[in-house]
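Listed here are the chains, written in short residue letters.
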Amino acid sequence: MESGLDDRQRAILAFETEWPRHSGAKEEAIRVQLALEPARYYQLLAHLVEDPDAQAYAPLLIGRLRRLREARSSRRARLLR
């Protein structure tokens, strides 16, 4: 099945599946395994959350990431009230 994602995008999704929590160890692994700075990794991951090809390729992961994003957004909105 052709996903429409490139190798780096698939590697990011695979990595996020293995390292779901944000931590210092994860950031070092991002640098070593993906040759990316953590800030860039998270930018690319945020774009993937909106990508229909990523949704088709990794529906459970993308669904989890969307739920986490919505929960953070709701918390921020409550704090600003």
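The present account deals with the structure reproduced in this document. What you see is a predicted model, and the numbers here were worked out from it, not measured in a lab.

1. What to know about the pattern of salt bridges
Thought 1: This structure, assessed with the given rule, holds 5 salt bridges.
Thought 2: Here arginine 31 and glutamate 28 are joined by a salt bridge, their closest N and O atoms 3.8 Å apart. Of this pair, arginine 31 and glutamate 28 both sit in helix 2 (residues 24–34), 3 residues apart, which is roughly one turn of the helix.
Thought 3: Glutamate 28 gets classed as partly exposed once you look at its relative accessible area, which sits at 42%.
Thought 4: The closest approach of N and O atoms between arginine 69 and glutamate 50, which form a salt bridge, is 2.2 Å. On the criterion of sequence distance, the pair formed by arginine 69 in helix 5 (residues 59–80) and glutamate 50 in the loop between helix 3 (38–49) and helix 4 (52–57) is long-range, its members being 19 residues apart.
Thought 5: The class of arginine 69 is partly exposed, set by a relative accessible area of 28%.
Thought 6: In this structure, a network of salt bridges that share partners links the residues Glu28, Arg31 and Glu37.

2. Notes on the packing of helix 1 (residues 7–18) against helix 5
Thought 1: For the pair helix 1 and helix 5, interaxial distance at closest approach is 10 Å and the crossing angle is 70°. Here helix 5 runs roughly perpendicular to helix 1, going by the angle between their axes. Crossing angle aside, the handedness with which helix 1 passes helix 5 is left-handed. Between helix 1 and helix 5, the residues in contact are Leu13, Glu16 and Thr17 and Leu61, Ile62, Arg64 and Leu65, respectively.
Thought 2: Its residues assigned to classes, the contact of helix 1 with helix 5 comprises 4 nonpolar, 1 polar and 2 charged.

3. Remarks on the nonpolar core
Thought 1: Ile12, Leu13, Leu36 and Tyr41 are the most contacted members of the largest nonpolar core, which totals 18 residues.
Thought 2: For this core, the secondary-structure elements that each account for two or more residues are helix 1, helix 2, helix 3 and helix 5.
Thought 3: With 5 residues, helix 3 is the single largest residue contributor to this core.

About the thresholds
Residues numbered from 1 in each chain as written. Predicted model: local features only at pLDDT ≥ 70, side-chain atom pairs only at ≥ 80, totals over all residues. Heavy atoms only, no water. Salt bridge = Lys/Arg side-chain N within 4 Å of Asp/Glu carboxyl O. Helix = DSSP H or I, 4+ residues; strand = E, 2+ residues; numbered from the N terminus. Buried < 20%, exposed > 50% of the residue type's maximum accessible area, 1.4 Å probe, protein only. Axes fitted to C-alpha atoms, helices over the stretch in contact; angles between N-to-C directions. Parallel < 35°, antiparallel > 145°, perpendicular 65-115°, else oblique. Left-handed = near helix turned anticlockwise from the far one by under 90°. Contact = heavy atoms within 4.5 Å. Nonpolar A, V, L, I, M, F, W, Y, C, P; charged D, E, K, R; others polar. Core = buried A, V, L, I, M, F, W, Y, C linked by side-chain atoms within 4.5 Å.

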